[in-house]
Amino acid sequence: MRVILMGPPGSGKGTQAASIANHLGVESVSSGDLFRDHQKRDTELGRLARSFMERGVYVPDDVTIKMVMDWIDDPAHANGFVLDGFPRTHAQAVALDEEIESLGGIDRVLFFRVAQNELVRRLTGRMICRQCQTPYHAQSSPPNTEGVCDRCGGELYERNDDKAEVVTKRIQIYSDETEPVVEYYRSGGKLREIDGEASIDAVSEASLAAVSG
Ligand SMILES: [Zn+2]
């Protein structure tokens, strides 16, 4: 079974990838895993990808697709796989379909839907100590005294990446890019939407049902 997981940052999709793969008896991989692996092995594709990242620009689709295809073509993944967060653009989705058409194509695409205000709530509120770097979270692990580190008394601050307007922008970019991908798989009858705002157990149950039925 060949499965794709889609969902914005904070949707909990990454948490489900391993259990879905385990349930299906296949491996899961994300494009981030592939980038790191190619960097580590210092492959030609890894060096090419780094040359774009160092310039602060997106790695072009064809480089990412080559890495994904390289992984899919590994005999260990002949029985199926879970792709976590790839394809991310319509062009990548079309290219992937062309590449694996002879294998029978993608079987199922799970989209983890979470409302934007809930995503912002989940992704903001992180604070870090300036002195000892201990992380805190306004809701899940607040310090005893607001703005002060429990361990060393240092000042807590919010990283730029964790600020609400930056998080909102990141979610917006994701939605703009992936909405056409969601529609592409929906029209192909392969899309299953998962309510990402349900409890972790309920999300897990719905995910396994979506790849079983
Ligand atoms: Zn501290």
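Before reading further, recall that the structure is shown in the block above.
Before going into details, it helps to say that this report is about the structure given with it. (Residues numbered from 1 in each chain as written. Predicted model: local features only at pLDDT ≥ 70, side-chain atom pairs only at ≥ 80, totals over all residues. Heavy atoms only, no water.)

A closer look at the overall build of the chain
Argument step 1. Per the secondary structure count, the chain includes 8 helices and 8 strands.
Argument step 2. Considering the chain as a whole, with its 213 residues, one finds that 40% of them fall into the buried category.
Argument step 3. Expressed as a percentage of contacts within the chain between residues at least 6 apart in sequence, the contacts between residues at least 24 apart total 69%.
Argument step 4. Per element, the accessible surface of the chain, about 11,500 Å² overall, is 49% carbon and sulfur.
Argument step 5. Measuring between centres, the 24 positive side-chain charges of the chain sit 3 Å from its 34 negative side-chain charges. (Helix = DSSP H or I, 4+ residues; strand = E, 2+ residues; numbered from the N terminus. Buried < 20%, exposed > 50% of the residue type's maximum accessible area, 1.4 Å probe, protein only. Contact = heavy atoms within 4.5 Å. Areas by Shrake-Rupley, 256 points an atom, 1.4 Å probe, with all protein chains shown as cover. Lys, Arg positive; Asp, Glu negative; His and termini not counted. Charge placed at Lys NZ, Arg CZ, Asp CG, Glu CD.)

A word on the environment of L103
Argument step 1. With respect to the helices and strands, the residue L103 is situated in the loop between α5 (90–100) and β4 (108–113).
Argument step 2. By relative accessible area, which is 42% here, L103 ends up partly exposed.
Argument step 3. In this structure, the C-alpha to C-alpha distance between L103 and N79, residues 24 residues apart in sequence, is 9.9 Å.
Argument step 4. Other than its neighbours up to four places away in sequence, L103 contacts R2 and I72.

Points about the coordination of the zinc ion
Argument step 1. All of the protein donors around the zinc ion are C129 (SG), C132 (SG), C149 (SG) and C152 (SG); their distances to the metal are 2.3 to 2.4 Å.
Argument step 2. With 4 donor atoms in place around the zinc ion and angles of 101 to 117 degrees between them, the coordination shape is tetrahedral.
Argument step 3. Sequence spacing of the donor residues for the zinc ion, all on one chain, is C-x2-C-x16-C-x2-C. Taken together, the positions of C132 in the loop between β5 (126–129) and β6 (135–137) and C149 in the loop between β6 and β7 (156–157) put the pair 17 residues apart, joining distant regions of the chain. (Donors = N, O, S within 2.8 Å, 3.2 Å for Na, K, Ca; no water. Tetrahedral: all angles 85-135°; square planar, octahedral: opposite > 155°, others 65-115°.)

Here's the deal with the packing of aromatic side chains
Argument step 1. Under the criterion given, the structure shown has 2 aromatic pairs.
Argument step 2. Centroid distance W71 to F81: 6.1 Å. Interplanar angle 70 degrees. Geometry classified as edge-to-face. With W71 in helix α4 (residues 61–72) and F81 in strand β3 (residues 81–84), the pair connects residues that are 10 residues apart, well separated along the chain.
Argument step 3. Assessed through its relative accessible area of 0%, F81 is described here as buried.
Argument step 4. Ring centres of Y184 and Y185 lie 5.2 Å apart, and the angle between their planes is 70 degrees; this geometry places the pair in the edge-to-face category.
Argument step 5. For Y184, a relative accessible area of 23% puts it in the partly exposed group.
Argument step 6. Since its relative accessible area comes to 2%, Y185 is described here as buried. (Phe/Tyr/Trp six-rings, centres within 6.5 Å; stacked < 30°, edge-to-face > 60°.)

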